[in-house]
Amino acid sequence: MPLRVDNIRKTLEAALAPSQLDIEDDSHRHAGHVGAKGGGHYRVFIVSAKFSGRSLIGRHRMVYEALADQMKGDIHALSIVAKAPEEVGG
């Protein structure tokens with residue numbers, strides 16, 4: 001697993017205790033993109049009980065707050081799908 005993805009995973013696990021966490025590195029799709037020189041492009045699907053009762057914006061803020069240090073350099077773009085356990089089947 002690439003170092004940045006591993007760091008994102010560890011950070012989100014520590015901050016949000018997800019029951020499901022999938023991270024995809026889409027950086028290769030943005031090769032040559034002007035803003036992508038320093039950081040990568042990532043997609044995160046996260047399910048956490050901490051999202052229960054929170055708005056979509058609130059959930060995204062929680063993810064961004066957890067990743068604040070990495071957003072300064074390692075992450076250029078982040079796509080987030082954040083769900084509470086009661087919103088996913090199974």
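Note that the structure is a prediction, hence the values are computed from the model and not measured.

> Tell me about the overall build of the protein chain, and please be specific about residues and values.
In terms of regular secondary structure, the protein chain is built from three helices and three strands. Counting from the amino terminus, the protein chain carries its helices and strands in the arrangement α-β-β-α-α-β. Taking all 90 residues of the protein chain together, the buried fraction comes to 33%. Long-range contacts, defined as pairs at least 24 residues apart, comprise 65% of the intrachain contacts of the protein chain with a sequence gap of at least 6. Element-wise, carbon and sulfur atoms account for 52% of the exposed surface of the protein chain, whose accessible area totals about 5400 Å².

> Lay out unusual backbone geometry in plain terms, naming residues and giving numbers.
Residues other than glycine seldom take positive phi values, yet Ala-17 does so here, at roughly 40°. Locating Ala-17 in the fold gives a position in the loop between α1 (3-16) and β1 (20-25).

> Please give an account of the pairing of strand β2 (residues 40-47) that cites residues and values.
With six of eight residues buried, β2 lies mostly within the body of the structure. When β1 meets β2, the two strands line up antiparallel, connected through six bridges. Looking across to β2, one finds that Asp-25 is bridged to Tyr-42. Where β2 meets strand β3 (residues 75-83), eight bridges bridge the pair, whose relative direction is parallel. Residue pairing across strands places Val-47 opposite Lys-83, the latter belonging to β3.

> Before we move on, could you go through the packing of α1 against helix α2 (residues 56-66) and cite the residues and values that matter?
At their nearest, the axes of α1 and α2 sit 9 Å apart, and the two run at 120° to each other. Here α2 runs oblique to α1, going by the angle between their axes. Judged by the twist between their axes, the crossing of α1 over α2 is right-handed. Residue-level contacts link Thr-11, Leu-12, Ala-15 and Leu-16 of α1 to Met-62, Val-63 and Ala-66 of α2.

> So what about the pattern of salt bridges? Which residues, and what values?
Overall, the coordinates contain six salt bridges when judged by the stated rule. As a salt-bridge pair, Asp-6 and Lys-10 come within 3.2 Å of each other at their nearest N and O atoms. With Asp-6 and Lys-10 both in helix α1 and four residues apart, the pair spans about one turn of that helix. For Lys-72, the salt bridge identified is with Asp-69, shortest N-O distance 3.6 Å. Overlapping salt bridges, with partners in common, bring together Glu-24, Asp-26 and Arg-43 in one network.

Criteria and thresholds
- Residue numbers here run from 1 along each chain, matching the order of that chain's written sequence.
- Side-chain atom pairs in this predicted model are given and counted only at pLDDT of 80 or more, local residue features only at pLDDT of at least 70, and totals for whole chains, interfaces and linings cover all residues.
- Heavy atoms from the whole structure form the basis of all side-chain values; hydrogens and water molecules are not counted.
- Starting at the N terminus, helices and strands are each numbered in turn, a helix being any DSSP run of H or I of at least four residues and a strand any DSSP run of E of at least two.
- Burial classification: accessible surface area is computed with a 1.4 Å probe over protein chains only, and a residue below 20% of its type maximum counts as buried, one above 50% as exposed, and the rest as partly exposed.
- Working rule for contacts: check all heavy atoms of both residues, and any pair within 4.5 Å makes them a contact.
- Computed by Shrake-Rupley with a 1.4 Å probe, the accessible areas treat only the displayed protein chains as cover when residues are assessed.
- Between any two strands, at least two bridges found by DSSP are needed for them to pair.
- Working convention: axes come from line fits to C-alpha atoms, limited for helices to the stretch in contact. Angles between N-to-C directions cover 0 to 180 degrees.
- Here is the rule for angles: anything less than 35 degrees is roughly parallel, anything more than 145 is roughly antiparallel, 65 through 115 is roughly perpendicular, and the remaining ranges are oblique.
- A crossing counts as left-handed when the near helix is turned anticlockwise from the far one by less than a right angle, and as right-handed when that turn is clockwise.
- Salt bridges are defined as contacts in which a side-chain nitrogen from Lys or Arg sits within 4 Å of a carboxyl oxygen from Asp or Glu.

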